[in-house]
Amino acid sequence: MLSKEKTMEAIQIMYDMFPEAACELTHKSPFQLLIAVILSAQATDVSVNKATPALFAAYPTPEALAAAPIEDIIQKIKTIGLYRNKAKNIKACAAQLLDQFDGKVPETREELVSLPGVGRKTANVVMGDAFGEPAIAVDTHVERVSKRLRICKLDASVMEVEQTLMRKIPKELWVKTHHTMIFFGRYHCLARNPKCDICPLLYMCQEGKTRMNTK
């Protein structure tokens, strides 16, 4: 596995490649971000961003979303995968925000994961982007990049990947690193066709070297 020093060397190269890396889910408030991240599970940010303008225009507040008929919500998000279950979750989430949090999005992980449709990854995204709290959300891109570069063990669970990154990366860089690794995985180190032939990290990526040698 890469040392802390080598990990930060790799992360710095990613920073240089994607200096503008940031959340790509369109939102104007913590509430909108929370709903967008719930909707993004097993779906692309692009598909979510196509659906949320109409959703947020119709239901801009937890009050409006909680009161909305479920079939109306479904119609607004039916282009997103798992839309029926997600419609139920975001309606229930809005209702719980009203019942337990005075209509406001909570700022702690423990409170966030108590909401319907919210797991640790979603909570970490909201903490980092809505409230500036240090957090690393491990999605498929972050996990893939971490394992390909051997920042973490190949058999590491999602939680173990998160804990390894937290140990190796300074806390004040967690949110920046999370977004940068997502961009690196989304636009360069792709799942099926990674751009190994033009990758500045190839020199420290054994998987990439093996891939290039078998071409």
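- The name given to the protein chain in an unreviewed UniProt entry is Endonuclease III, with the source organism recorded as Candidatus Enterococcus palustris.
- According to the UniProt record, the Sequence similarities (unreviewed entry) comment for the protein chain is "Belongs to the Nth/MutY family."
- Taken from UniProt, the Catalytic activity (unreviewed entry) comment for the protein chain reads in full: "2'-deoxyribonucleotide-(2'-deoxyribose 5'-phosphate)-2'-deoxyribonucleotide-DNA = a 3'-end 2'-deoxyribonucleotide-(2,3-dehydro-2,3-deoxyribose 5'-phosphate)-DNA + a 5'-end 5'-phospho-2'-deoxyribonucleoside-DNA + H(+)".

1. Comments concerning the overall build of the protein chain
Part 1: Secondary structure assignment for the protein chain yields twelve helices and zero strands.
Part 2: Along the protein chain, helices and strands appear, N-terminal first, in the series α-α-α-α-α-α-α-α-α-α-α-α.
Part 3: Once the C-alpha set of the protein chain is aligned to its principal axes, its extents read approximately 55 × 35 × 30 Å.
Part 4: Out of the 215 residues belonging to the protein chain, those deemed buried represent 48%.
Part 5: In the protein chain, 60% of the contacts between residues at least 6 apart in sequence involve partners at least 24 apart.
Part 6: In the protein chain, 29 side chains carry a positive charge and 24 a negative one; their mean positions are 7 Å apart.

2. Points about the UniProt feature "binding site: [4Fe-4S] cluster" (unreviewed entry) in the protein chain
Part 1: Mapped onto the present numbering, the UniProt feature "binding site: [4Fe-4S] cluster" (unreviewed entry) falls at Cys 189, Cys 196, Cys 199 and Cys 205. Despite a sequence span of 17 residues, these residues sit close together in the fold, their greatest C-alpha distance being 11.1 Å.
Part 2: Locating Cys 196 in the fold gives a position in the loop between α11 (174-187) and α12 (206-213).
Part 3: Within the secondary structure layout, Cys 199 lies in the loop between α11 and α12.

3. Focus: the environment of Pro 53
Part 1: With respect to the secondary-structure elements, Pro 53 resides in helix α3 (residues 45-58).
Part 2: Taking the C-alpha atoms as reference, Pro 53 lies 31 Å from Val 145; in sequence the two are 92 residues apart.

4. Considering helix α5 (residues 70-77)
Part 1: Within α5, burial applies to Ile 73, Ile 74 and Ile 77. All buried residues of α5 project into a common sector of 100 degrees when viewed along the axis, lining one side.
Part 2: Buried residues along α5 sit against α2 (30-39), α3, α4 (62-67) and α6 (83-101).

5. Quick look at the environment of Ile 73
Part 1: With respect to the helices and strands, Ile 73 occurs in helix α5.
Part 2: According to the relative accessible area criterion, Ile 73 is buried, its value standing at 0%.
Part 3: Separated by 36 residues in sequence, Ile 73 and Arg 109 place their C-alpha atoms 26 Å apart.
Part 4: Excluding its chain neighbours within four sequence positions, the residues that come into contact with Ile 73 are Leu 55, Tyr 59, Leu 65, Ala 68, Ala 87, Ile 90 and Lys 91.

6. What about a negative patch on the surface?
Part 1: On the surface, Glu 107, Glu 110, Glu 111 and Glu 133 cluster together to form a negatively charged patch.
Part 2: By the element assignment, Glu 107 lies in the loop between α6 and α7 (109-112).
Part 3: In this structure Glu 107 comes out as partly exposed when scored by relative accessible area, which is 45%.

7. Here we look at the side chain of Thr 164
Part 1: Structurally, Thr 164 can be placed in helix α10 (residues 158-168).
Part 2: Taking relative accessible area as the criterion, Thr 164 reaches 6% and is therefore assigned buried.
Part 3: For Thr 164, the contacting residues outside a window of four places in its chain are Ile 151 and Cys 152.

8. Some details on α10
One full turn of an α-helix is made of 3.6 residues, so residues set three or four places apart face in the same direction.
Part 1: Residues Val 161, Glu 162, Thr 164, Leu 165 and Lys 168 constitute the buried set of α10. One side of α10 carries all its buried residues, which in axial view fall inside an arc of 165 degrees.
Part 2: Looking at the buried positions of α10, the neighbouring elements they touch are α1 (4-17), α7, α8 (120-131), α9 (140-148) and α11.

9. Things to note about unusual backbone geometry
Part 1: Non-glycine residue Gln 42 carries a positive phi angle of around 55 degrees.
Part 2: As for its position among the elements, Gln 42 is in the loop between α2 and α3.
Part 3: By relative accessible area, which is 75% here, Gln 42 ends up exposed.
Part 4: Here the phi dihedral of Arg 150 falls at roughly 60 degrees; this positive angle occurs in a residue that is not glycine.
Part 5: Secondary-structure assignment places Arg 150 in the loop between α9 and α10.

10. What to know about the pattern of salt bridges
Part 1: Summed over the entire model, instances satisfying the criterion amount to nine salt bridges.
Part 2: Here Glu 71 and Arg 84 are joined by a salt bridge, their closest N and O atoms 4.0 Å apart. Residue Glu 71 is located in helix α5, and its partner Arg 84 is located in helix α6; the two are separated by 13 residues in the primary sequence.
Part 3: Here the salt bridges do not stand alone but share partners, grouping Arg 148, Arg 150, Glu 207 and Arg 211 into one network.

Analysis parameters
Residues numbered from 1 in each chain as written. Predicted model: local features only at pLDDT ≥ 70, side-chain atom pairs only at ≥ 80, totals over all residues. Heavy atoms only, no water. UniProt positions renumbered as here; feature names shortened; annotations may be inferred. Helix = DSSP H or I, 4+ residues; strand = E, 2+ residues; numbered from the N terminus. Buried < 20%, exposed > 50% of the residue type's maximum accessible area, 1.4 Å probe, protein only. Contact = heavy atoms within 4.5 Å. Lys, Arg positive; Asp, Glu negative; His and termini not counted. Charge placed at Lys NZ, Arg CZ, Asp CG, Glu CD. Arc of directions from axis to C-beta. Patch = residues over 30% accessible without salt bridge, like charges linked within 9 Å, V, L, I, M, F, W, Y side chains within 5 Å. Areas by Shrake-Rupley, 256 points an atom, 1.4 Å probe, with all protein chains shown as cover. Salt bridge = Lys/Arg side-chain N within 4 Å of Asp/Glu carboxyl O.

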